[in-house]
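Residue-level listing of the chains:
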Amino acid sequence: MSSYALYYYDQCPFCQLVLRGLEKISAPVELKNTLTTPVNRQELMQGGGRTTVPCLRISQPDGQVHWMYESSDIARYLQAL
Ligand SMILES: N[C@@H](CCC(=O)N[C@@H](CS)C(=O)NCC(=O)O)C(=O)O
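Residues numbered from 1 in each chain as written. Predicted model: local features only at pLDDT ≥ 70, side-chain atom pairs only at ≥ 80, totals over all residues. Heavy atoms only, no water.

A. A look at the packing of helix α1 (residues 13-22) against helix α3 (residues 71-79). Where α1 meets α3, the closest approach of the two axes is 9 Å, and the angle between their N-to-C directions is 5°. What the angle tells us is that α1 and α3 run roughly parallel. In this structure, α1 uses Phe14, Leu17, Val18 and Leu22 to contact α3, whose residues at the interface are Ser71, Ile74, Ala75 and Leu78. (Axes fitted to C-alpha atoms, helices over the stretch in contact; angles between N-to-C directions. Helix = DSSP H or I, 4+ residues; strand = E, 2+ residues; numbered from the N terminus. Parallel < 35°, antiparallel > 145°, perpendicular 65-115°, else oblique. Contact = heavy atoms within 4.5 Å.)

B. Highlighting the pattern of salt bridges. Counting across every chain of the model gives four salt bridges. Notably, a salt bridge pairs Lys32 with Glu30, separated by 3.7 Å at the nearest N-O pair. Residue Lys32 is classed as buried on the basis of its relative accessible area of 10%. On the accessibility criterion, Glu30 (44% relative accessible area) is partly exposed. Here the salt bridges do not stand alone but share partners, grouping Glu30, Lys32, Glu43 and Arg57 into one network. (Salt bridge = Lys/Arg side-chain N within 4 Å of Asp/Glu carboxyl O. Buried < 20%, exposed > 50% of the residue type's maximum accessible area, 1.4 Å probe, protein only.)

C. Representation of the site of the ligand in the model. In the vicinity of the ligand, the residues found are Tyr9, Cys12, Pro13, Phe14, Thr51, Thr52, Val53, Pro54, Tyr69, Glu70 and Ser71. A distance of 2.9 Å is found between an oxygen atom of the ligand and a side-chain nitrogen or oxygen belonging to Thr52. Surface burial for the ligand is 66%, taken as the share of its 520 Å² of free accessible area covered by protein chains. Split by residue class, the shell around the ligand holds seven nonpolar, three polar and one charged. (Near = heavy atom within 4 Å. Polar contact = N/O pair within 3.5 Å; in protein donor to acceptor, adjacent residues only side chain to side chain. Areas by Shrake-Rupley, 256 points an atom, 1.4 Å probe, with all protein chains shown as cover. Nonpolar A, V, L, I, M, F, W, Y, C, P; charged D, E, K, R; others polar.)

Here it is, written out as structure tokens:
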């Protein structure tokens, strides 16, 4: 089973859109605030290549990691889980 982490911060309207969608899904998604916890921002930069939020990190069982950046793509992806 894949695991998920959402990089976000509260003041970002695109993040709020994704966070609202999370309330409706059962899959666990780790929340990583990039403003209150600078190490999360570094992680996002190192792994995804930029600090833009929201970003969903998808870690697959085979070790592959995908960084999904567009809020509309993330919302759609999470709804389909
Ligand atoms: N098109 C993007 C827009 C995301 C966006 O503009 N995020 C802003 C915060 S609201 C951001 O992260 N800006 C800082 C940066 O790009 O490093 C989406 O819908 O996900």
